[in-house]
There are 2 protein chains.
Amino acid sequence: MNPKVLVAVLATLSAASPAGVQAQSVQPSRTATHEAASPVLVSPDDWRAMAEAGDRYPMFSAERARVEREVRAAMAAGINVPRPRDLGGGITHEQHKANYKAIAGAGALYRMTGDRAYADFVRDILLAYADLYPTLSDHPAGNSPVKGRLFWQALNDSVWLVYSAQGYDAIRDTLSAADRRRIDDDVFRRMARFLSEENAPYFDRIHNHATWATAGVGMTGYVLRDPDLVDRALNGTAHDGRAGFLRQIDELFSPDGYYAEGPYYQRYALAPFIIFARAIQQNEPERGIFARRDGVLLKAVDGVIQTSYAGLLFPINDAMPDKGLTSEEIVTGVAVAYGQTQDPRLLSIARQQGRTLLSPDGLGVARGVADGLARPFEFRSMQLRDGPNGDLGNLVILRQGGETGQALVMKNTQQGQGHGHFDRLNWLFYDNGSAVVTDYGAARFLNIEAKNGGGYLDENDSWAMTTVAHNALVVNETSQFGGDWPTGETHPTTPLLFEVADDAQIASARLEGGHDGVVVTRTQALLEHPELTYPVAVDLLRVRSAAPARFDLPLHFNGHIITQGFEAEASVTTRPVLGAANGYQHLWVDARSAPGDEARSLTWLLGGRFYTYRFSASAPTTAMLVESGANDPRFNLRREQALIRRMDGQSSASFAAVLEPHGAYDGTAETVTGATGRIVSIEQARGEDAEVVILTLASGRTLVLAVADDARSTGRHAVRHRGQTYEWTGAWARFDRESQS
Amino acid sequence: MNPKVLVAVLATLSAASPAGVQAQSVQPSRTATHEAASPVLVSPDDWRAMAEAGDRYPMFSAERARVEREVRAAMAAGINVPRPRDLGGGITHEQHKANYKAIAGAGALYRMTGDRAYADFVRDILLAYADLYPTLSDHPAGNSPVKGRLFWQALNDSVWLVYSAQGYDAIRDTLSAADRRRIDDDVFRRMARFLSEENAPYFDRIHNHATWATAGVGMTGYVLRDPDLVDRALNGTAHDGRAGFLRQIDELFSPDGYYAEGPYYQRYALAPFIIFARAIQQNEPERGIFARRDGVLLKAVDGVIQTSYAGLLFPINDAMPDKGLTSEEIVTGVAVAYGQTQDPRLLSIARQQGRTLLSPDGLGVARGVADGLARPFEFRSMQLRDGPNGDLGNLVILRQGGETGQALVMKNTQQGQGHGHFDRLNWLFYDNGSAVVTDYGAARFLNIEAKNGGGYLDENDSWAMTTVAHNALVVNETSQFGGDWPTGETHPTTPLLFEVADDAQIASARLEGGHDGVVVTRTQALLEHPELTYPVAVDLLRVRSAAPARFDLPLHFNGHIITQGFEAEASVTTRPVLGAANGYQHLWVDARSAPGDEARSLTWLLGGRFYTYRFSASAPTTAMLVESGANDPRFNLRREQALIRRMDGQSSASFAAVLEPHGAYDGTAETVTGATGRIVSIEQARGEDAEVVILTLASGRTLVLAVADDARSTGRHAVRHRGQTYEWTGAWARFDRESQS
């Protein structure tokens, strides 16, 4: 139907249908009469508003045009419901994915245009599924512990159900009773049964895969008018609330909206939470689902945006590093959250996403953006407490300079289940729009069949999850918790300090038992100083071990090395591997210094800015420059470099460091400024129960960060260094001294 | 002066100064009376138009605002004319650079605003130079063969002169006679003398450094009304035309506007040519400088744009790979060329550059863009002949799909003087906005003092210039011409074929004597086919050697390896170096196959698209995957990977290959399509005097490229392969056959 015809139809309808009557704005010719077939996931008024939006709201009409293109292409290609065969990325996998998108899109377009061809297309695909689905048993490929029927893992079947239920809801009242019964029974009810009965233990898990399952089953329940399915989805197969969607909301998010597996999976998990919650709100507003736990689902939307930098999510845990705010799930989250809160800051994120949903909430976002209501999203320093009760560690974000300024991320969370890495007290640093101190994320080529079927690679275990692959302390060349994540789940990190003061942002946390008998305390701060162009990141790590041990502290960094500020033997003609296991087998050694007491430095260049890292320790260390890629015959790893500081034979030690962004390189203008940092030295000194890191600037002034061993201390501390005494009360202090000369 | 005051001044002036009278639009208070001090590089009318432009043309007002900010910052910082000390990137170097920019900018602003403070600032800086300059001898740092006085190399002194002469011209009539004489004599005349007399052999070279010198001296000549200086600049120190600017125009550009050292230096060389030519046009229009040699300077501007991809110049020879169309020199070239031609295609480049000059030509560009005159720049297939007479090889560019489509670049040029690489018959391939088959460019960190003072690194000789660092044939592990560039200059490449037909774009060239007794002929084509989503690049290289030899054919590629389509032994726990010299010492070996006859393949992923390279040869080869970075203790090299095909013991051989872009990976949408290419095999076959490359598609159809050994042949050729005979007349043919099944 072209727009002019649509306008004419709407004009006729609005004359014929008095406002307020629950008539569809575009009247489908009903072949079924049963009242209980009309849509329940979107209200008639909302469908009408979407139909009448026309071209007034560019983001909405763009999305409508996009969906039209996609659906028309699918209609032109004809019904294609293949017998399942392939892994992720394979032909049948991608076709079933395309089908649920087509079902959802065509359903919406039918409601918006009244064009029966869309409804018939949805019907015909679903009838093809009604033919196929009852003939299927477990998917033939892959090795998922919970196989799907359409897909290699049940997860994807659940996603299919979430999207297809929406499309089906939109056209269900156009069907003959016989067709409706077939599709109800042979597709939706069977799939719901498959997910919630035949895989009841899976369905009852407190895990994001199960959230997709509960969402699919619950939405099917609303569409089929089946309260039992809805209740099973909300309260678990035993209908007792010990499992199901509500329990998932209560357990999978912390009170601050942080999701245990980290931002990448928070993004992924968000979609079914948000989509199903929206359906619950539509059908049972009395549940106040978005207000549950002080609005934790809306906090989760805010949180996933906060855990991003320059549009990309912090890639901690099993994360694909190219995943960002433009992903469909976050588009969904922003639209639905805006629908609930009308928070204008979300509109600037929507604008950055460049698209929104073909839904009532999407219409609201598009209207808000078109009306100029968007306000900047405030990326701010914060801690996101982890754990259902907020007592299982935190993710710290210290920011300065807004979205593309400095961001120091400190990972003091709990384990993050099976997708968690062994990287407690890890940190990341962003500046100038780029990741400077990096996290590898997952070893995976998502959906690329040639790379282990698109699933996690073996190198995810052997490298990406290991401690040495992170900026975290490795003890005796072994990963935290022996690389066993259930053990990790029983050892939360303990936050000690989080403070955003005028002259310093600082956080501290402690991990006990990451290695047997070992306690690690790490304090990090973002400090500004009039002589420094940008804030600097100061790092103080203290370790106590029951027995003398080998401590390795890696720094994975991004950029081209400009100055290696220490003597080292370079591996020039043959490149050895650093170790045999626990990630070390993947590291080539490029340079290795002799053990030494002196402070050292490393300067690199990234994106037109220089970074100088200065580091010292309480006992002699060896500095090594390494690169990932050893023992990687299939080229599964990205080759990335790291600095490793190694200390042997100590049972108590401290590592201090500062990272200074400085200067500018402009390749176009051929100008270089500030290629040398302003910090000229780093020193550290211990007192009885406290430690100081002394940074000396080129001017001779000093900038000192003083930290008590007990970061919750309120007592008085003193540390002497080179004839000066630094005295303070409480957990920490900063001393700025003029030049002594 | 704020804009309102400026408008008032202009209103007063335009009432007082009848149009047509040669009064300045903004009347500086004259302290000097000598008529011959008024500006000669920009006309009074042009200064008036610039002053009156106001905010009507955003690109112009933005540039004016930028220059104002820069100049005001310089004025606030005060006069700083330090005694020269540092290399490129160092403090005194950068200060003298900043000074000439301030001189030029402040001069223009004085003319545009009438604000005497700008003129006085220029005067005061130049008086400081008048104090300093006569006391200087050779610059104390660096090892340039032609040292400057202000800078470590005379080149930068010349650039200083080119820019400062413009600023001086703008304010010279504001000076007292005594100041003018001091600056004339102790700065400009002395610098001109230093460049053109004390360094006469340098000045008389036919080389881009000398062009900066002639431009500086010639513009000084116009400003000081010194015809002898002008003539020396135009015709050389002997005034006989055997050297100097005119000779440089005649010799340094080919008839197609190609500059012998390649695009990177063409960009750099362009600036003095264009700036000085513009000054000549202003002062001696009767010379028709822009029409000289059929408009070669304007062709050079077009050519430098054509030799770019996605805004970056092809990095052949000693090129910094981040240099692109936004560089100041090309901004200058586009503005001046537009001023001469009014070609509206140049305006789209200017718009992409996002800035223009604070000059009459810049005003014209800004006005054209503001008036909506811009038309798309047509990036097209072309050959740029090399050499003053166009008979020293060519640079071939085969394009499809416009600016960010496919571009195959074939380097069949001459040597390119001392900045040329030993990479004759090298090729590059671009697709989807990225370099896919790459060129390392120069080993250099421009102006970064910690990296060899910002100059060329040792690795420029030991790696970047070598043949193995390029996609060119290496014979017996030695570079072309033994790595001796003067020898290279005596051996041009011979273009054999360049044809852009409906169904194929093809080029061929031959190099004789790159290695003793060796002749290499290479034919490359960009072929479209209905079953292929994108054009594919076909490569056929034939070598004949007087003695059996080792042939190594590298392919330097960009992307993550997805499928290594051949068996090979991987270097998993120790990584050996490939060789001892000629670039081989910088290559780590990651995998090495046994010698074999079979065709092989390699698939990688870059920027969301897959690339499959299929390759065969006429005799058994070993395939090796290598990475640069060995013997690089200072981390001077970027680590980049290559495939090397090695054939031993043959004296006559052919190497065939095809590179197919295919499919899509979308990390945001998590979709993958076309991860497997449509070409399933490559075969090659020889006839008596010709060869064919047979590509079989997934459908069974074949696509065959047939090439005569003599690409200038007009005769009949036949090649038999698997019972089929391919017969054609002339240099080449393409055969598309249906599936035989």
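What you see is a predicted model, and the numbers here were worked out from it, not measured in a lab.

Student: What exactly am I supposed to notice about the overall build of chain A here?
Tutor: The number of helices and strands found in chain A is 18 helices and 28 strands. What you see for chain A is a C-alpha radius of gyration of 29 Å, in line with the 27 Å of a compact globule of 741 residues. Dimensions of chain A along its principal axes, counting C-alpha atoms only, are 90 × 55 × 50 Å. Here chain A holds 741 residues, and the buried ones make up 63% of them. Pairs at least 24 apart in sequence give 66% of the contacts found in chain A among residues at least 6 apart. When the accessible surface of chain A is totalled, it reaches about 24900 Å², and 49% of it is carbon and sulfur.

Student: How should the interface of chain B and chain A be read in this particular structure?
Tutor: Many structure descriptions define interface size as the accessible area lost when the parts assemble. Residue-level contacts link 52 residues of chain B with 52 residues of chain A. Roughly 4200 Å² of surface becomes buried between chain B and chain A when both sides are summed, with 53% attributable to carbon and sulfur atoms. Considering only the side of chain B, the residues that lose the most area to chain A are His-560, Phe-635 and Glu-670 of chain B, jointly responsible for 16% of the buried surface there. Linking chain B to chain A there are eight salt bridges.

Student: What is the right way to look at the pattern of salt bridges in this model?
Tutor: Once their charged atoms are close, side chains differing in charge can pair, the charge on each being opposite to the other. Residues and elements named next belong to chain A. Counting across every chain of the model gives 102 salt bridges over all chains. Here Lys-411 makes a salt bridge to Asp-423, at a shortest N to O gap of 2.5 Å. Residue Lys-411 is located in strand 5 (residues 406-412), and its partner Asp-423 is located in the loop between strand 5 and strand 6 (426-431); the two are separated by twelve residues in the primary sequence. Residues Lys-411 and Asp-423 agree in their burial class; the two are buried. In this structure, Arg-522 engages Asp-539 in a salt bridge whose closest nitrogen and oxygen atoms are separated by 2.7 Å. One end of the pair, Arg-522, is in strand 11 (residues 518-527); the other, Asp-539, is in strand 12 (residues 536-556), with 17 residues separating them in the sequence. The class of Asp-539 is buried, set by a relative accessible area of 1%. Among the ionic contacts, a cluster of salt bridges with common partners joins Glu-63, Arg-66, Glu-70, Glu-328 and Arg-355.

Student: Which parts of the structure should I look at to understand helix 5 (residues 116-132) of chain A?
Tutor: Residues three or four positions apart in an α-helix share a direction because the helix packs 3.6 residues into each turn. Residues and elements named next belong to chain A. Its 17 residues place the ends of helix 5 24 Å apart at the C-alpha level, agreeing with the 24 Å of an ideal helix rising 1.5 Å per residue. Along helix 5, the residues that are buried comprise Tyr-118, Ala-119, Phe-121, Val-122, Ile-125, Leu-126, Leu-127, Ala-128, Tyr-129, Ala-130 and Leu-132. Next to the buried residues of helix 5 lie helix 3 (58-77), helix 4 (91-113), helix 6 (154-171) and helix 7 (177-198). Backbone nitrogen of Ala-117 and a side-chain oxygen of the N-cap are separated by 2.9 Å at the start of helix 5; the cap is Asp-115.

Student: How should the sheet that holds strand 5 of chain A be read in this particular structure?
Tutor: Whether parallel or antiparallel, the strands of a sheet pair through hydrogen bonds between backbone atoms. Residue and element names in this part refer to chain A. One open sheet holds the five strands; their spatial order is 3-4-5-6-7, and the pairing between them is antiparallel. Looking at strand neighbours, the two that pair on one side only are strand 3 (382-385) and strand 7 (434-437), the edges of this open sheet. Going from strand to strand, the sheet's axes swing by 20° on average, the running direction of each strand aside. The sheet contact formed by strand 4 (residues 394-400) and strand 5 spans seven bridges and is antiparallel. The residue bridging Arg-399 from the neighbouring strand is Ala-407, located in strand 5.

Student: Even after reading the chapter, I still don't get the pairing of strand 20 (residues 641-662) of chain A, so can you show me in this structure?
Tutor: In regular strands, side chains alternate between the two faces of the sheet. Residues and elements named next belong to chain A. Among the 22 residues that make up strand 20, 17 are buried, leaving the element largely enclosed by the rest of the structure. Pairing of strand 12 with strand 20, which is carried by 16 bridges, proceeds in the antiparallel orientation. The residue of strand 20 that forms the bridge with Leu-541 is Phe-655. Alignment of strand 18 (residues 609-617) against strand 20, held across eight bridges, turns out to be antiparallel. Bridge assignment links Thr-612 to a residue of strand 20, and that residue is Glu-660. Pairing analysis gives six bridges linking strand 19 (residues 622-628) to strand 20, with the strands arranged antiparallel. Directly across from Leu-625, in strand 20, lies its bridge partner Leu-643.

Student: Help me understand the packing of aromatic side chains, please; the structure alone is not making it clear to me.
Tutor: Two aromatic rings, taken as a pair, are described by how far apart their centres are and by the angle between their planes. Scanning the model with the defined rule gives 46 aromatic pairs over all chains in all. The ring of Tyr-440 of chain B has Arg-638 of chain B lying over it, and the distance from NZ or CZ to the ring centre is 4.0 Å.

Student: For this particular structure, what's the right way to read helix 13 (residues 292-306) of chain A?
Tutor: Residues and elements named next belong to chain A. With 15 residues, helix 13 ought to run about 21 Å at 1.5 Å a step, and its terminal C-alpha atoms sit 21 Å apart, in line with that. Bending of helix 13 peaks at approximately 45° at the position of Lys-299. The set of residues buried in helix 13 consists of Gly-295, Val-296, Leu-297, Ala-300, Val-301, Asp-302, Gly-303, Val-304, Ile-305 and Gln-306.

Student: Would you mind showing me how to read the sheet that holds strand 6 (residues 426-431) of chain B here?
Tutor: Residue and element names in this part refer to chain B. Across the sheet, which stays open at both edges, the five strands sit in the order 3-4-5-6-7 with antiparallel pairing between neighbours. Of all strands in the sheet, those with a lone pairing partner are strand 3 (382-385) and strand 7 (434-437), marking the two edges. Looking at each pair of strands side by side, their axes are set apart by 20° on average, direction ignored. Bridge analysis of strand 6 against strand 7 gives three bridges, and the strand direction is antiparallel. When the sheet's bridge partners are listed, Phe-429 is paired in strand 7 with Val-437.

Student: Hey, could you run me through the relation of the copies chain B and chain A in this one?
Tutor: Copy one and copy two of the chain differ by a rotation about a common axis and a shift along it. When chain B is fitted to chain A, the residual RMSD is 0.0 Å, and the transformation amounts to a turn of 180° plus an axial shift of 0.0 Å. Accordingly, the operation relating the two chain copies is best matched by a two-fold axis. Among all residues of chain B, the minimum C-alpha distance to the rotation axis is found for Arg-575 of chain B, at 2.5 Å. A shared binding surface is used by both copies, with 100% of the interface residues of chain B retained as interface residues in chain A.

Student: I would appreciate a short explanation of the side chain of Asp-256 of chain B in the present structure.
Tutor: Residue and element names in this part refer to chain B. Take Asp-256: it is sitting in the loop between helix 11 (245-252) and helix 12 (263-283). A relative accessible area of 18% means that Asp-256 is categorised as buried. Only 2.8 Å separates the side chain of Asp-256 from the backbone nitrogen of Arg-385, close enough to count as a polar contact. Residue contacts for Asp-256: discarding those within four places in its chain leaves Lys-299, Gln-383, Leu-384 and Arg-385.

Student: Explanation requested: the packing of helix 3 (residues 58-77) of chain B against helix 16 (residues 360-370) of chain B in the structure shown.
Tutor: In helix packing, the relevant descriptors are the interaxial angle and the interaxial distance, both defined with respect to the helix axes. All names here are of chain B. Viewed as axis vectors pointing N to C, helix 3 and helix 16 meet at an angle of 135°, and their least axial separation amounts to 7 Å. One finds that helix 3 runs oblique with respect to helix 16. Judged by residue contacts, Pro-58, Met-59 and Phe-60 of helix 3 engage Gly-362, Leu-363, Val-365, Ala-366, Val-369 and Ala-370 from helix 16. Of the residues contributing to the contact of helix 3 with helix 16, the split by class is eight nonpolar, one polar and no charged.

Student: Looking at this model, I keep getting lost on the environment of Thr-521 of chain A. Mind explaining?
Tutor: Residue and element names in this part refer to chain A. Along the polypeptide, Thr-521 turns up in strand 11. The class for Thr-521 is buried, based on a relative accessible area of 11%. Considered as a pair, Thr-521 and Leu-540 are 19 residues apart in the sequence and their alpha carbons are 8.3 Å apart. Those residues in contact with Thr-521 that sit more than four places away from it in its chain are Leu-496, Ser-508, Ala-509, Arg-510, Leu-540, Leu-541 and Arg-542. A polar atom in the side chain of Thr-521 sits 2.8 Å from the side chain of Arg-510.

Student: Just checking my understanding: could you explain unusual backbone geometry for this structure?
Tutor: Glycine aside, the phi torsion of most residues is negative, and most peptide linkages are trans. Residue and element names in this part refer to chain A. Unlike most non-glycine residues, Asn-447 shows phi in positive territory, near 70°. Summarising the element assignment, Asn-447 is placed in the loop between strand 7 and helix 17 (458-464). In this structure Asn-447 comes out as buried when scored by relative accessible area, which is 9%.

Student: Can you help me understand the environment of Ala-62 of chain B in this one?
Tutor: Residue and element names in this part refer to chain B. Within the fold, Ala-62 resides in helix 3. The partly exposed category is assigned to Ala-62, whose relative accessible area is 45%. Residues Ala-62 and Thr-356 lie 294 residues apart in sequence; the distance between their C-alpha atoms is 8.8 Å.

Student: Help me understand the confidence of the model for chain A in this model?
Tutor: Detailed reading of predicted coordinates is not advised where the pLDDT is low. All names here are of chain A. Confidence along chain A averages 93 in pLDDT terms, with 95% of residues attaining 70 or more. Per-residue pLDDT stays below 50 along residues 1-34; that stretch engages in 49 contacts with residues further than four places along the chain or on separate chains. Overall fold confidence for the complex sits at a pTM of 0.90, while the interface term, ipTM, reaches 0.88.

Student: Which parts of the structure should I look at to understand the packing of helix 2 (residues 44-52) of chain A against helix 4 of chain A?
Tutor: All names here are of chain A. Direction vectors running N to C along helix 2 and helix 4 enclose 80°, while the axes themselves pass 8 Å from each other. Taken as axis vectors, helix 2 and helix 4 run roughly perpendicular relative to one another. Residue-level inspection shows Trp-47, Met-50 and Ala-51 of helix 2 in contact with helix 4, the latter providing Ala-108, Arg-111 and Met-112. In the contact of helix 2 with helix 4, the residues fall into five nonpolar, no polar and one charged.

Conventions and cut-offs
Residues numbered from 1 in each chain as written. Chains lettered and ligands numbered in written order. Predicted model: local features only at pLDDT ≥ 70, side-chain atom pairs only at ≥ 80, totals over all residues. Heavy atoms only, no water. Helix = DSSP H or I, 4+ residues; strand = E, 2+ residues; numbered from the N terminus. Rg over C-alpha atoms; globule rule 2.2 N^0.38 Å. Buried < 20%, exposed > 50% of the residue type's maximum accessible area, 1.4 Å probe, protein only. Contact = heavy atoms within 4.5 Å. Areas by Shrake-Rupley, 256 points an atom, 1.4 Å probe, with all protein chains shown as cover. Buried area = accessible area lost by both parts, 1.4 Å probe. Salt bridge = Lys/Arg side-chain N within 4 Å of Asp/Glu carboxyl O. Expected span 1.5 Å × (residues − 1). Polar contact = N/O pair within 3.5 Å; in protein donor to acceptor, adjacent residues only side chain to side chain. Pairing = 2+ DSSP bridges. Axes fitted to C-alpha atoms, helices over the stretch in contact; angles between N-to-C directions. Phe/Tyr/Trp six-rings, centres within 6.5 Å; stacked < 30°, edge-to-face > 60°. Lys NZ or Arg CZ within 6 Å of the ring centre and 35° of its normal. Bend = angle between axes of the 7 residues up to and from the residue. Least-squares fit on C-alpha atoms with pLDDT ≥ 70 in both. Parallel < 35°, antiparallel > 145°, perpendicular 65-115°, else oblique. Nonpolar A, V, L, I, M, F, W, Y, C, P; charged D, E, K, R; others polar. pLDDT = per-residue confidence, 0-100.

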